[in-house]
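# Commentary on secondary and tertiary structure
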Amino acid sequence: MVKKLASYKVLIMRNECVSCGNCIALCPEYFEFDEDDLSHLKNSKRIDENDEIEFDDVNCCLDAALSCPVTCIHVYEDGEEIS
Ligand code: SF4
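In short, a report on the structure. Per chain, residue numbering runs from 1 following the sequence as it is written. With pLDDT at 70 or above as the cut-off, local features in this predicted model cover only qualifying residues; side-chain atom pairs require 80 or more to be listed or tallied, and sums for whole chains, interfaces and linings still use all residues. Excluding hydrogens and water, the side-chain figures rest on all heavy atoms present in the structure.

## What about the overall build of the protein?
Only DSSP runs of H or I reaching four residues or more are called helices, and only runs of E reaching two or more are called strands; each is numbered from the N terminus. Each helix and strand in the protein was counted, giving 2 helices and 7 strands. A globule of 83 residues ought to have a C-alpha radius of gyration of about 12 Å, and the protein, at 12 Å, matches this closely. With the principal axes as the frame, the protein shows a C-alpha extent of 45 × 25 × 20 Å. With 83 residues in all, the protein has 40% of them scored as buried. Pairs at least 24 residues apart make up 58% of the contacts formed inside the protein by residues separated by at least 6 positions. Each accessible area is a Shrake-Rupley result for a 1.4 Å probe, and residues are judged covered by the shown protein chains and nothing else. For the protein, the accessible area works out to roughly 5,200 Å², and carbon and sulfur atoms hold 49% of it. Charge assignment in this entry is limited to Lys and Arg as positive and Asp and Glu as negative, and neither His nor the chain termini are counted. In plain terms, the charge of a residue is placed at NZ if it is Lys, CZ if Arg, CG if Asp and CD if Glu. Averaging the locations of the 7 positively and 19 negatively charged side chains of the protein gives two centres separated by 5 Å. The globule rule used for comparison is 2.2 Å times the number of residues to the exponent 0.38, while the radius of gyration itself is calculated over C-alpha atoms. Burial classification: accessible surface area is computed with a 1.4 Å probe over protein chains only, and a residue below 20% of its type maximum counts as buried, one above 50% as exposed, and the rest as partly exposed. Two residues form a contact once any of their heavy atoms are found within 4.5 Å.

Structural data, given as structure tokens:
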């Protein structure tokens, strides 16, 4: 039986970001500052104030989420929040 790969969703609640830069330092492939100096997920969809994107692999996004001092980065694995 073939095991289904997990799917991950990463979300930033941008209105809570304090622009500390931790996520960008740890995971620059996925995070950057936007023009408003708040963190932005590259190639993501912006829904209201939040950025959302889905991946097959969580990569460094989990480290970024764990480094956020205001816990405004949320990571979901198969729909269940893991950070
Ligand atoms: S770690 Fe959190 S507070 Fe710091 S820039 Fe990233 S999203 Fe904003």
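After that view, the rundown keeps rolling.
## Some remarks on the side chain of Arg14
In this structure, Arg14 sits in the loop between strand S1 (8-13) and helix H1 (22-26). A residue is classified by how much of its surface remains accessible, and Arg14, at 1% relative accessible area, is buried. Discounting chain neighbours no more than four positions away, the residues touching Arg14 are Asp34, Asp36, Leu38, Ser39, His40, Arg46, Glu49, Asn50 and Asp51.

## Some points on empty space enclosed by the protein
Cavities and pockets were defined on a 1 Å grid built from protein atoms only: a cavity is a group of points that admits a 1.4 Å probe but offers it no way out, a pocket is an open group of points flanked by protein on both sides within 12 Å along at least five of seven lines, and a lining residue is one with an atom within 4 Å of any such point. Grid points are joined across faces, edges and corners, and a volume is the space filled by probe spheres set on the points. On inspection of all chains with the given rule, the structure shows 1 cavity of 30 Å³ or more. Its volume calculated, the largest cavity comes out at about 100 Å³. Along the walls of the largest cavity sit 18 residues, with Cys17, Cys20, Cys23, Ser39 and Cys68 positioned nearest its centre. Here the nonpolar group is Ala, Val, Leu, Ile, Met, Phe, Trp, Tyr, Cys and Pro; Asp, Glu, Lys and Arg are the charged ones; every other residue, Gly included, is treated as polar. Partitioned by chemical class, the residues of the lining of the largest cavity number 13 nonpolar, 5 polar and no charged.

## Some points on the site of the ligand
Around the ligand there are 13 residues in total, and Cys17, Cys20, Gly21, Cys23 and Cys68 lie nearest to it. Of the pockets mapped on this structure, the ligand occupies the largest cavity. Tallied by class, the residues present in the shell around the ligand amount to 9 nonpolar, 4 polar and no charged. Near is defined per residue: the residue qualifies when any heavy atom it owns lies within 4 Å of the molecule or strand. To qualify as sitting in a cavity or pocket, a molecule needs more than half of its atoms within 2 Å of the grid points.

## Side note on the pairing of strand S5 (residues 50-55)
Alignment of S1 against S5, held across 6 bridges, turns out to be antiparallel. For Met13, the partnering residue across the bridge sits in S5 and is Asn50. Paired strands, as defined in this entry, are two strands with at least two bridges between them according to DSSP. Sheet topology note: the strand S4 (residues 45-47)/S5 ladder contains 3 bridges and is antiparallel. From the neighbouring strand, Lys45 faces S5, where its bridge partner is Glu52. Between S4 and S5, which pair antiparallel and follow one another directly, the connecting turn spans 2 residues, one of which, Asp48, has a positive phi of 55°.

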